[in-house]
Structure formats: structure tokens, C-alpha cells
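Spelled out from the first residue to the last, the chains are:
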Amino acid sequence: MVEIPVALIGCGRIGWMHAANIASHPKLKLSAVHDVHAPSAEKLSAEFGVQAYSTAEGIFSNDSIKAVLVASTTDTHVDFIERSVAAGKPVLCEKPIDLDIARVNQCAKNLEGSDIPVQIGFNRRFDPGHAAASKASRSGEIGELRQVFITSRDPEMPTEAYYRTAGGLMRDMTIHDFDLARFFLVDEPVEVFAIGGRLIDPEFMEELGDHDTAMITMRTEDGKQCHINNFRLATYGYDQRIELVGSDGMVISGNRKPHELQRFSKARTESSEPYMYFFIERYTEAFAAELSEFADCIESGKAPSPGFEDGRRALLLAETAYRSIAERRLVRVAEVE
């Protein structure tokens, strides 16, 4: 089997994970890396035995590199997506596409007419439990879908440096949940009502104009409902659950633990291991399956799912939620779009 040469842009924590996944994938080969912080790129290149480029241009001008994975800072995503497509290289880009919906809309116009695959890194769609829940719902197993519940709670607050560049809770954290909501509902949400809270670190959140807790309710045109709840400091672990309720039943995709051993004693019953700590551990299979989708799209030229429009729609829901928080009312997505 001929392996597809892939270049990685961005050599931070998630970049290292992607590098390992590319290197171990049967259809892909890690061929080059780049990071604006040269020592990071050099360290990763030494670990995997690949070339480190001092500039991204070396990657885009190299015809032997057939695809690009972008895991750099958010403000570079649009540029690298457009340059990848211009170079004829399929691209898998981490979320979000950008923090500015106007810039994303302009990028969409710039990409019109291109058939180069652009995949966005909403990996949670590929979680085995979440994917199985979606399949069960779409097959009619639970009848007509009526409600979607998404719980997404982090085990710790991000660093101050991260917070100052992340773009806000809705664009950074909840955007994954907006994508999942669209994935499960199938029909587009048309109305959003959101409440943002500053319950964990009120002073810092006030300074940033950000939120550390949130609840969002959405509705599709035909009345399907979705509730999302976010919390930045779940002391009991990384809490990731979804529940789909239909006219004939319900399916749940729950949390993951290292193993399912339970302990019983006088002091406690059904005591078990904590949840897997954070996103890399919790979504290991999802990240691998996401990469397989990318490899299939490169081989076949088919449009990836989730694609660019999925990334744009998720950001649009984030912007609608922010307007709802600011104006304390239910907001139709069309008002923002």
C-alpha cells in the first residue's frame, strides 16, 4: 500500500498527538512539520525522523507532500486552509476555522469552485458511542427524534495565556457541542437561547468578558430541541455525555473510564475509576477515526464530513449564542447570518 505523505503545521500538544496518529496510520506517512516556534518543530521532527521546515511555504511548494494537517493557532487557520487548497493539497484543520465569522464567510467565498477536500477537526462526531447514537437515531431505532442533550464539562480551567487567545467559551469549547448538535439533529437549529455564567473565577471572567459556565437551548424549524451545558471545572473529571430522546425510546453515549471494575465496601458501593482525564485520552478512538476519514477523502476526492460549511455553521451558532447572552433573549440564527 502506498502511503500518502502528509505535512503537519503546528507542533504543540495536539500537534504531537496528530503526528503520532499520522505516523501510525496505515494509509498516511508523516513527511514534514512546521511551527513558527522553530525549537518545537525541530524537537518533533527529530522524534519522528522527518524534515522541519522553517517556513510554511516550503510545505506548500513541495509537490511530494500530498496533504496538510493544520494544528497551529486559530488566527492562522484561514491562511493555511486557503494556501493548502491553492496548492492542490487536501487539508484537515483543527477547529475553529477562525474567531471572526466575517473572515470565515470570506474564506468560504474564496474556496468556491474548488473540489479540494477541506475537513474541519470536529473529532467528537467520530467517537464510537456518539457515532453509534447518531446511527441509531437516523435508522429510526428510537422513532422520531425529539430532544438532544449534550453535557460537556472540563476537568480544569485553561491557563491564563490560553484564555486570552481562545476567543471565548462559545467559540472555543461549546463549538464542539454546536457541531454535535447539528450532527444529531440533522435539521439546522434556527433559534438559540443562551445563558453565560461567571461562577468559577468571576473576577478573571469579568476582566476577559468571558464565561466559565453556560447553558444553551436550541430549536429546529420543526420543533426539535437541544440543550447544551458547559462547565470549566468539573472536579470529578472530564464529563462528556449525550442523550437522544425519540418517540419510541432513547439512546445514551456516556463517559469513558480506564476500565469498568467496581469496588464495594462498608464505606462505599459501586466505586470505580475516575473518568479519562481530558480530550486526548477521552477521544483517542475519535481522533484516529477522524484521520481515517481524511485519508479516505484524499484517496477518493469526496467531500469530507465534517467539512468547511460544518465549521462555518458551528461558528455561526456560537455568534448567535453570544448575541442571545448579550441581549438576554431568544435569537433566530437568521438575524446573525
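Now for a look at the structure at hand. These numbers were taken from a predicted model, which means no experiment stands behind them.

Examining the packing of helix 9 (residues 174-185) against helix 13 (residues 308-327)
Between helix 9 and helix 13, the least distance of the axes is 9 Å, while the angle of their chain directions is 115 degrees. When the axis of helix 9 is compared with that of helix 13, the two are roughly perpendicular. Judged by the twist between their axes, the crossing of helix 9 over helix 13 is right-handed. In this structure, helix 9 uses Ile175, Phe178, Asp179 and Arg182 to contact helix 13, whose residues at the interface are Asp310, Arg313, Ala314, Leu315, Leu317, Ala318 and Ala321. Class assignment of the residues belonging to the contact of helix 9 with helix 13 gives a composition of seven nonpolar, no polar and four charged.

What about the sheet that holds strand 3 (residues 51-53)?
In spatial order, the strands read 3-2-1-4-5-6; together these six strands make up an open sheet with parallel pairing. Each edge of the open sheet carries a strand with a single partner, namely strand 3 and strand 6 (118-120). Taking each pair of neighbouring strands and ignoring which way they run, the sheet shows an average axis angle of 25 degrees. Here strand 1 (residues 4-9) pairs with strand 2 (residues 28-34) via six bridges, running parallel.

Overview of the side chain of Arg313
Mapped onto the secondary structure, Arg313 falls in helix 13. For Arg313, the contacting residues outside a window of four places in its chain are Arg182, Glu188, Val333 and Glu337.

Considerations on the side chain of Glu293
In this fold, Glu293 is placed in helix 12 (residues 284-300). Taking relative accessible area as the criterion, Glu293 reaches 14% and is therefore assigned buried. A polar contact of 3.3 Å, which involves the side chain of Glu293, links it to the backbone nitrogen of Ser305. If near-sequence neighbours (up to four positions away) are discounted, Glu293 is found in contact with Gln119, Phe126, Lys302, Pro304 and Ser305.

Some points on the packing of aromatic side chains
The description of an aromatic ring pair uses the distance of the two centres, along with the angle that the planes make with each other. The tally for this structure, following the rule as stated, stands at 10 aromatic pairs. Each residue in the set Tyr238, Tyr277, Phe278, Phe279, Tyr283 and Phe287 is aromatic and connected to the rest through ring pairs, giving one cluster. A cation sits over an aromatic face here: Arg282 above Tyr283, 4.6 Å from the ring centre.

Focus: the environment of Asp75
In this fold, Asp75 is placed in the loop between strand 4 (67-70) and helix 4 (77-86). Discounting residues that sit within four places of it in the chain, Asp75 has contacts with Asp98 and Arg103. Within the structure, Asp75 has its side chain in polar contact with the side chain of Thr73 (distance 2.6 Å).

Overview of the packing of helix 5 (residues 101-111) against helix 13
Where helix 5 meets helix 13, the axes come as close as 10 Å, and the angle between the chain directions of the two elements is 160 degrees. Here helix 5 is positioned roughly antiparallel relative to helix 13, judged by the angle of their axes. The chirality of how helix 5 crosses helix 13 is left-handed. Counting all contacts with helix 5, which are made through Ile101, Val104, Asn105, Cys107, Ala108 and Leu111, the residues of helix 13 involved are Phe308, Arg312, Leu315, Leu316 and Glu319. Taken together, the residues that form the contact of helix 5 with helix 13 break down as eight nonpolar, one polar and two charged.

Some thoughts on unusual backbone geometry
A cis amide bond links Lys95 with the next residue in sequence, Pro96, at an omega value of -15 degrees. Mapping Pro96 onto the fold places it in the loop between strand 5 (91-93) and helix 5. Of note, Val186 is a non-glycine position whose phi angle comes to about 70 degrees, a positive value. When you line up the elements, Val186 lands in the loop between helix 9 and strand 8 (189-197).

So, how was this worked out
Here the residue index of a chain counts from 1 through its sequence in written order. With pLDDT at 70 or above as the cut-off, local features in this predicted model cover only qualifying residues; side-chain atom pairs require 80 or more to be listed or tallied, and sums for whole chains, interfaces and linings still use all residues. Only hydrogens and water are set aside when side-chain values are computed; all heavy atoms of the structure are taken into account. Fitted lines through C-alpha atoms serve as axes, helices being fitted only where they are in contact, and the angles separating the N-to-C directions of these axes extend from 0 to 180 degrees. Secondary structure is summarised from DSSP: a helix means a run of H or I of at least four residues, a strand means a run of E of at least two, and numbering begins at the N terminus for each. The cut-offs work like this: below 35 degrees is roughly parallel, past 145 is roughly antiparallel, 65 to 115 is roughly perpendicular, and the gaps in between are oblique. Less than a right angle of anticlockwise turn of the near helix away from the far helix marks a crossing as left-handed, whereas a clockwise turn marks it as right-handed. We call two residues contacting when some pair of their heavy atoms lies within 4.5 Å. The nonpolar class holds Ala, Val, Leu, Ile, Met, Phe, Trp, Tyr, Cys and Pro. Asp, Glu, Lys and Arg form the charged class, and all remaining residues, Gly among them, are polar. Two strands form a pair only when DSSP identifies at least two bridges running between them. Exposure is judged per residue with a 1.4 Å probe applied to protein chains only, and the accessible area is read against the type maximum: over 50% gives exposed, under 20% gives buried, and values in between give partly exposed. N or O atoms within 3.5 Å of each other form a polar contact, as long as, within protein, one can give a hydrogen and the other can take it, and as long as residues adjacent in sequence are counted only when both atoms are side-chain atoms. In this scheme Phe, Tyr and Trp rings, the latter by its six-membered ring, pair at centre separations within 6.5 Å, and the angle between planes marks the pair as stacked below 30 degrees, edge-to-face above 60, and tilted otherwise. Each ring is checked for a lysine NZ or an arginine CZ that lies within 6 Å of its centre and within 35 degrees of its normal; such an atom marks a charge sitting over the ring.

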